[in-house]
Amino acid sequence: PPSQSPWRLGGVPVKPVSMQDLRHSGRRETTMLRHIMMAALAAAASGEVTQCRDTAVVVGADKSKAWRDSMGRSCAWYARFEGRHCERVGDRFEADGMTAHEACCECGGGDSVDSAETLPPMVESCKNLRRGNGEAWQDARGRNCARYARNGAKLCRLQGHRYERFGKTANDACCACGGGDTTRVCPPRVRKPYSELNCAERDEQVAAFATFREERAEEWHSFVDVHFAQFTYAHGTSSFLHWHRWYLINFENALRSMEGFECFTIAYWDWDKESGRETEALPLRADTFGSAAGLNEVPAVPFAPWRCVEDGIAAEWNTSFTPFQDMSAPRPRCLMRTNTVVEPARQFVPEEVLAGLIASFANFSEFRPAFEGAPHANPHIFIGGHMETPWSPNDPL
């Protein structure tokens, strides 16, 4: 049955095929599947087929826990979307001496085990769900999770999918039935400067943005649209800093809603420390957020020279807006940035000048427009392209 753990044929992961799969396949596919199954049976007779189990980490004489990477993501997270997470970050975020490539079956790792072999029982942090008023969940017949857990959770197998109440069945609400609340408890949010992140933390920043943009592009574009729609309210007024804090925390919460990023916090780019070496700024790398610009100038753009970003996570992104003067010209939807020429209007304000600016004003109404000018605007102008328009959130920077 499909609920069994993955198998391997000659070392290659093989997913089980059910009779229902065969019934819904065409004649050609059915014939191919029969050949595969016959080959698997022959391999089983020769001892070539083994079961694969995601690696467990032993935590005591009679207990073990599921492996998780250094960011707290399990093998189930890596198995999503046909293993694309394995390809993207499976060789990073080592924990307990392993990456996902070593620990997870979906990524080509895991343990080959004999069906008779046993490991200590898996232990996970799980709490049975409670209602908003703190009362324990009960099904439509008044049975709580403790009742479902009796007799080896036999009731889960028989009726765990029935008798829904408050939008949940026992399979959703009870740990014994495979449900419950396994939400991680996150530490307080600390927004760190990008320059002080270690390699794993920088990898997580890149992975969070790339995953959100790939899996939920429409939601990303909605954030772009909100920034444009409220541009005149959020810029040039006393709301400038406050509105952007509200905007940023909402975007961060959207990233946290993805599995594997529940405790993610967006870093900030401390560009004041990179004044004078703007073209070598840390986030502007081909293996992270992309270089300052591509090589080929895009025609018919009002603020030329704009170029398509051709490396990093945004190399193949389609943006929600491209400002063209000549509407008859070819209109690529790539993410655009400008060239790397550093002019006075593009130079980052250095740390000591920024500190002096903060100290020179006695009230917020005078400080806000001074800060929103050169200190804030210069990185926008240096990056250029989408970054110097109301559609700047198209750019992950």
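Residues numbered from 1 in each chain as written. Predicted model: local features only at pLDDT ≥ 70, side-chain atom pairs only at ≥ 80, totals over all residues. Heavy atoms only, no water.

A. Structural detail: the state of the cysteines. According to the stated counting rule, one finds 5 disulfides in the structure shown. Here Cys75 engages in a disulfide with Cys104; their sulfurs sit 2.0 Å apart. Judged by the sign of its S-S torsion, about -80°, the bond between Cys75 and Cys104 is left-handed. With Cys75 in helix 3 (residues 75-78) and Cys104 in the loop between helix 5 (100-103) and strand 6 (111-113), this residue pair connects regions lying 29 residues apart in the sequence. This pair shows no difference in class: Cys75 is buried, exactly as Cys104 is. Note that Cys145 is cross-linked by a disulfide to Cys174, the S-S spacing being 2.1 Å. On the sign convention where negative is left-handed, the bridge of Cys145 and Cys174, at about -80° about the S-S bond, is left-handed. Here Cys145, found in helix 6 (residues 145-159), pairs with Cys174, found in the loop between helix 7 (170-173) and helix 8 (199-215); they are 29 residues apart in sequence, far enough to count as distant. (Disulfide = S-S within 2.5 Å. Helix = DSSP H or I, 4+ residues; strand = E, 2+ residues; numbered from the N terminus. Buried < 20%, exposed > 50% of the residue type's maximum accessible area, 1.4 Å probe, protein only.)

B. Main features of the pattern of salt bridges. Considering all chains together, one arrives at 15 salt bridges under this definition. The residue Arg216 makes a salt bridge to Glu219 at a minimum N-O spacing of 3.0 Å. Here Glu372 ties to Arg368 by a salt bridge, and the two come within 2.7 Å at their closest N and O atoms. Note that Glu372 and Arg368 are positioned in helix 13 (residues 364-372) at a spacing of 4 residues, about one turn of the helix. Within the structure, one salt-bridge network assembled from shared partners comprises Arg84, Arg88 and Glu214. (Salt bridge = Lys/Arg side-chain N within 4 Å of Asp/Glu carboxyl O.)

C. Structural context of the packing of aromatic side chains. Per the stated rule, a full pass over the model turns up 24 aromatic pairs. Ring plane angle 90° and centroid distance 6.2 Å describe the contact between Phe261 and Phe264, whose orientation is recorded as edge-to-face. For Phe261, a relative accessible area of 1% translates into the label buried. Centroid distance Phe367 to Phe371: 5.6 Å. Interplanar angle 25°. Geometry classified as stacked. Here Phe367 and its partner Phe371 are both found in helix 13, 4 residues apart, which amounts to about one turn of the helix. Of the two residues, Phe367 and Phe371, both sit in the buried class. (Phe/Tyr/Trp six-rings, centres within 6.5 Å; stacked < 30°, edge-to-face > 60°.)

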